[in-house]
Amino acid sequence: MNEPTGNPGQTAMKDPKTEVLCDVLILGAGPAGLTAAIYAARSRLVTVVLDSSITGGLVATTFQIANYPGMGDVIGGSDLMGNMKKQAVSFGAEIRDMQKILTVRLEGKEKYIETESAICRSRAVIIATGAEPRKLPVAQENAYRSRGIHYCATCDGALYQDAEVMVVGGGISALEEAEFLTRYARHVTIVNRAEAFRAPAGIANQVLGNPGISVRYRCRIEGVSGDVFVSAASLRDLATG
């Protein structure tokens, strides 16, 4: 039997956290955060950007973008955000993504942000954390995200010219997205778990009167399938099973 090494009861020492001092600390590495980083770094401020996920935010997961100001051509979301990151870094900004933020203290002249690997102290903090949509609760969500599963009709609706499209939900956002998608899709089906919409009656009546939209009430989407892109979805009738 091998004898244990080291002193009994001794615990391994964790590496000390990196000390980060800056003029401007930006929380969020999406379009807003990276734009702020470009302006701050170009103004010769020591600028650090923190994000708990990958650089680019929700836009980085968008398949194609054709409505961003100044972009004459269609561009992939990850490519657009890669360009923004490169520009921010070229002016001297430091991007630290995949950082889980543990503590935020904004009182006083010196702001304090602690992550799993660093302690950041800054004169100012810009919060640009954006939004996170509710994900479609199916096992295939990650595989088909931006390949048939989308979270922004304005961003991706034009990809589905003359197609059959489903919108999942019954609130204001779902109904507004469904209305918008009728500009492109051959037909839009709203899948709603409840027996009625949660949206105000005015919006609901407008949607119900649109011949390009139909509704499946008391239904839940249980899965999607396809090759490279989604081509089918399975629904369960919650009333009958």
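Let us look at the structure shown here. (Residues numbered from 1 in each chain as written. Predicted model: local features only at pLDDT ≥ 70, side-chain atom pairs only at ≥ 80, totals over all residues. Heavy atoms only, no water.)

1. Concerning the state of the cysteines
And then number 1: Evaluation of the coordinates by the stated rule reveals 1 disulfide.
And then number 2: Here Cys22 stays unpaired: no disulfide links it, and the sulfur of Cys120, its closest cysteine neighbor, is 6.5 Å away. (Disulfide = S-S within 2.5 Å.)

2. Let's talk about the sheet that holds strand β5 (residues 111–115)
And then number 1: One open sheet holds the 6 strands; their spatial order is β3-β2-β1-β6-β5-β4, and the pairing between them is mixed. The two strands at the open ends of the sheet, each matched to only one other strand, are β3 (94–96) and β4 (101–105). Direction aside, neighbouring strands of the sheet carry axes that sit 35° apart on average.
And then number 2: In terms of strand pairing, β4 meets β5 through 4 bridges, oriented antiparallel. Looking at β5, one finds that Arg105 is bridged to Tyr112. (Pairing = 2+ DSSP bridges. Helix = DSSP H or I, 4+ residues; strand = E, 2+ residues; numbered from the N terminus. Axes fitted to C-alpha atoms, helices over the stretch in contact; angles between N-to-C directions.)

3. Examining helix α2 (residues 77–90)
And then number 1: For α2, with 14 residues, the first-to-last C-alpha span of 20 Å sits near the 20 Å given by 1.5 Å per residue.
And then number 2: Turning to α2, the residues buried within the fold contact α1 (31–42).
And then number 3: One or two steps after α2, the chain reaches Gly92, where phi turns positive at roughly 110°. (Expected span 1.5 Å × (residues − 1). Contact = heavy atoms within 4.5 Å.)

4. With respect to the nonpolar core
And then number 1: Core analysis: the largest hydrophobic core is formed by 19 residues, its most contacted members being Ile26, Leu34, Ala37, Val49, Leu80 and Met81.
And then number 2: Broken down by secondary-structure element, the contributors of at least two residues to this core are β1 (18–27), α1 and α2.
And then number 3: When residues in this core are grouped by element, the largest group, 6 residues, is from α1.
And then number 4: Excluding anything up to four places from it in sequence, Leu80 contacts Val59, Ile65, Tyr68, Met71 and Ile75.
And then number 5: Counting 17 residues, the second largest nonpolar core, distinct from the first, contains Ala153, Val167, Ala174 and Ala199. (Core = buried A, V, L, I, M, F, W, Y, C linked by side-chain atoms within 4.5 Å. Buried < 20%, exposed > 50% of the residue type's maximum accessible area, 1.4 Å probe, protein only.)

5. Describing the pattern of salt bridges
Between side chains of opposite charge, a pair can form as their charged atoms come close.
And then number 1: Counted under the stated rule, the structure contains 10 salt bridges.
And then number 2: The partner of Lys17 in a salt bridge is Glu114, with the nearest N and O atoms 2.6 Å apart. Here the residue Lys17 occupies a position in the segment before β1, and Glu114 occupies one in strand β5, the gap between them amounting to 97 residues.
And then number 3: You can call Lys17 partly exposed: its relative accessible area is 30%.
And then number 4: Looking at Glu114, the relative accessible area reads 17%, which means it is buried. (Salt bridge = Lys/Arg side-chain N within 4 Å of Asp/Glu carboxyl O.)

6. A few points about the packing of α1 against α2
And then number 1: In contact at an axis separation of 9 Å, α1 and α2 are set at 25° when each is read in the N-to-C sense. Judged on the interaxial angle alone, α2 and α1 are roughly parallel. For the pair α1 and α2, the sense of crossing is left-handed. Across the interface between the two elements, Pro31, Leu34, Ala37, Ile38 and Ala41 of α1 pack against Met81, Met84, Lys85, Gln87 and Ala88 of α2. (Parallel < 35°, antiparallel > 145°, perpendicular 65-115°, else oblique. Left-handed = near helix turned anticlockwise from the far one by under 90°.)

Read these as layout, nothing more, since geometry by itself doesn't imply function.
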